[in-house]
Amino acid sequence: METAHLPDEKKKFVKEKFSSISGRYDLLNSLLSLKIDRYWRWRTIRLLREFPGGWVMDLCAGTLPLSLELARQAPKRKVLSIDFCEDMLRAGAKTLPKDGRAERIFPVCGDGEIIPAPTGSFWGCTVAFGVRNLSRTLQGLQEMHRILRPSGKLLILEFSRPTNPIIKPLYSFYLNRVLPLIAGLISGDKEAYQYLASSIAAFYEPEELLAMMREAGFTTVSRIPMTFGIVSIYVGVKA
Ligand SMILES: C[S@@+](CC[C@H](N)C(=O)[O-])C[C@H]1O[C@@H](n2cnc3c(N)ncnc32)[C@H](O)[C@@H]1O
């Protein structure tokens, strides 16, 4: 498999991979996570309930599943949904439900490492399964910190690695063997799902990510592991 090490090469690789699977992304998400991703997203967005109105940014928004949950949980909330892969945003925009939420979701093509938004303007910033894909993680976190208002909250939903000795080998087998096979057949791009497995394996330890969030300026940081630690919610508050 081709792996990209330099930040700009990784960026190009990631953009191409998401573009190639954009039409099947939602189907595969539900299938491969057995729809548990809905619970993960619900629980993440619950943590923003102190900000029921005003603007929230959903970064690396992809096909907009988290943006939809943001809009569902707070009927007065407006969501700016940023992603650098136009095909992902378009695939999501095409299937937005006709229940009024689409009028409060604003998809914009842009880079999460140079966020096209003014400083101090959002109550919340959410990133689901996107931080792992950034080429310059610290720069991205600094940008997330910049666009938040004082006392605004960052919520990162991201894969982590289970430590339970029984779950760990089972999960590893699923991630490295089963998932690329099924996903390859459905999406036609096995490499994209091999990248998913390798990017989870290569991602920071939870403590490292929390330290980077502190370095980016977040004063209070914490982590909530879910489903045997397969995923975690990372919470950061801007002072
Ligand atoms: C795994 S998808 C997650 C999509 C969505 N947040 C979800 O919950 O399903 C990751 C997304 O991050 C986007 N992405 C990766 N790097 C990015 C960057 N530097 N700037 C903006 N978007 C980026 C990709 O295009 C892709 O749509």
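Description of the structure in this document. All values reported here derive from a predicted model rather than from experimental measurement. (Residues numbered from 1 in each chain as written. Predicted model: local features only at pLDDT ≥ 70, side-chain atom pairs only at ≥ 80, totals over all residues.)

**Points about the overall build of the chain**
Counting its secondary structure elements, the chain contains 9 helices and 7 strands. For 239 residues, the compact-globule formula gives about 18 Å, and the C-alpha radius of gyration of the chain, at 17 Å, lands near that figure. Structurally, the chain occupies a C-alpha span of about 45 × 40 × 35 Å along its principal axes. Classification of the 239 residues of the chain by burial places 40% in the buried group. Considering only contacts within the chain whose residues lie at least 6 apart along the sequence, 72% involve residues at least 24 apart. (Helix = DSSP H or I, 4+ residues; strand = E, 2+ residues; numbered from the N terminus. Rg over C-alpha atoms; globule rule 2.2 N^0.38 Å. Buried ≥ 20, exposed ≤ 12 C-beta atoms within 10 Å, placed from the backbone. Contact = placed C-beta atoms within 7 Å.)

**A short note on the site of the ligand**
In the vicinity of the ligand there are 19 residues, among which Cys 60, Gly 62, Cys 85, Gly 112 and Ala 128 approach most closely. Where the shell around the ligand is concerned, the elements lending two or more residues are helix H1 (7–21) and helix H4 (65–73). (Near = placed C-beta within 6 Å.)

**With respect to the environment of Asp 8**
Note on placement: Asp 8 falls in helix H1. Classification of Asp 8 as exposed rests on a count of 10 C-beta atoms within 10 Å. Along the backbone, Asp 8 and Gly 54 are 46 residues apart, and their C-alpha atoms lie at a distance of 34 Å.

**Some remarks on the packing of helix H2 (residues 25–32) against helix H7 (residues 167–187)**
The contact between H2 and H7 brings their axes to 11 Å, and the two run at 150°. One element, H2, and the other, H7, form an angle in the roughly antiparallel class. Note that H2 runs across H7; the crossing there is right-handed. Residue-level contacts link Leu 27, Leu 28 and Leu 32 of H2 to Leu 179, Ile 182, Ala 183, Ile 186 and Ser 187 of H7. (Axes fitted to C-alpha atoms, helices over the stretch in contact; angles between N-to-C directions. Parallel < 35°, antiparallel > 145°, perpendicular 65-115°, else oblique. Left-handed = near helix turned anticlockwise from the far one by under 90°.)

**Here we look at the packing of helix H6 (residues 137–147) against helix H9 (residues 206–215)**
Remark: H6 packs on H9, axes separated minimally by 9 Å, with the N-to-C direction vectors making an angle of 50°. For the element pair H6 / H9, the angle class is oblique. The interaxial crossing formed by H6 with H9 has right-handed handedness. For the pair H6 and H9, contact is made by Thr 137, Leu 138 and Leu 141 and by Met 212, Met 213 and Glu 215, respectively. Its residues assigned to classes, the contact of H6 with H9 shows 4 nonpolar, 1 polar and 1 charged. (Nonpolar A, V, L, I, M, F, W, Y, C, P; charged D, E, K, R; others polar.)

**Here we look at the environment of Leu 185**
Along the polypeptide, Leu 185 turns up in helix H7. Taking the C-alpha atoms as reference points, Leu 185 and Met 213, separated by 28 residues in sequence, lie 37 Å from one another.

**Let's talk about the nonpolar core**
In terms of nonpolar packing, the biggest core is built from 59 residues, with Met 57, Leu 59, Cys 125 and Leu 157 touching the most fellow members. Not counting residues up to four positions away in its chain, the partners in contact with Cys 125 are Met 57, Leu 59, Met 144, Ile 147, Leu 148 and Leu 154. (Core = buried A, V, L, I, M, F, W, Y, C linked by C-beta atoms within 7 Å.)

**Here we look at helix H3 (residues 36–46)**
Of all the positions in H3, only Trp 40, Arg 41, Thr 44 and Ile 45 are classed as buried. The arc enclosing the buried residues of H3, seen along the axis, measures out at 125°, which places them on a common side. Exposed side of H3, more than 90 degrees from the buried face: Tyr 39, Trp 42 and Arg 46 are the residues found there. (Arc of directions from axis to C-beta.)

**Regarding the environment of Ile 186**
Positionally, Ile 186 belongs in helix H7. Residue Ile 186 is classed as partly exposed on the basis of its C-beta count, with 15 C-beta atoms lying within 10 Å. With 27 residues separating them along the chain, Ile 186 and Phe 159 place their C-alpha atoms 22 Å apart.

**Things to note about the sheet that holds strand S7 (residues 231–237)**
Spatial strand order, S3-S2-S1-S4-S5-S7-S6: 7 strands in an open sheet with mixed pairing. Each edge of the open sheet carries a strand with a single partner, namely strand S3 (105–109) and strand S6 (220–226). Averaged over all pairs of adjacent strands, the angle between strand axes in this sheet comes to 20°, irrespective of strand direction. Pairing of strand S1 (residues 53–59) with strand S2 (residues 76–83) involves 7 bridges; the strand directions are parallel. In the strand pairing of S2, Asp 58 is matched with Ser 81. Contacting S1, strand S4 (122–128) and strand S5 (148–159), H6 crosses the sheet at an angle of about 145° to S5. (Pairing = 2+ DSSP bridges.)

**Concerning H6**
Listed as buried for H6 are Thr 137, Gly 140, Leu 141, Glu 143, Met 144, His 145 and Ile 147. The elements touched by buried residues of H6 are S1, S4, S5 and H9.

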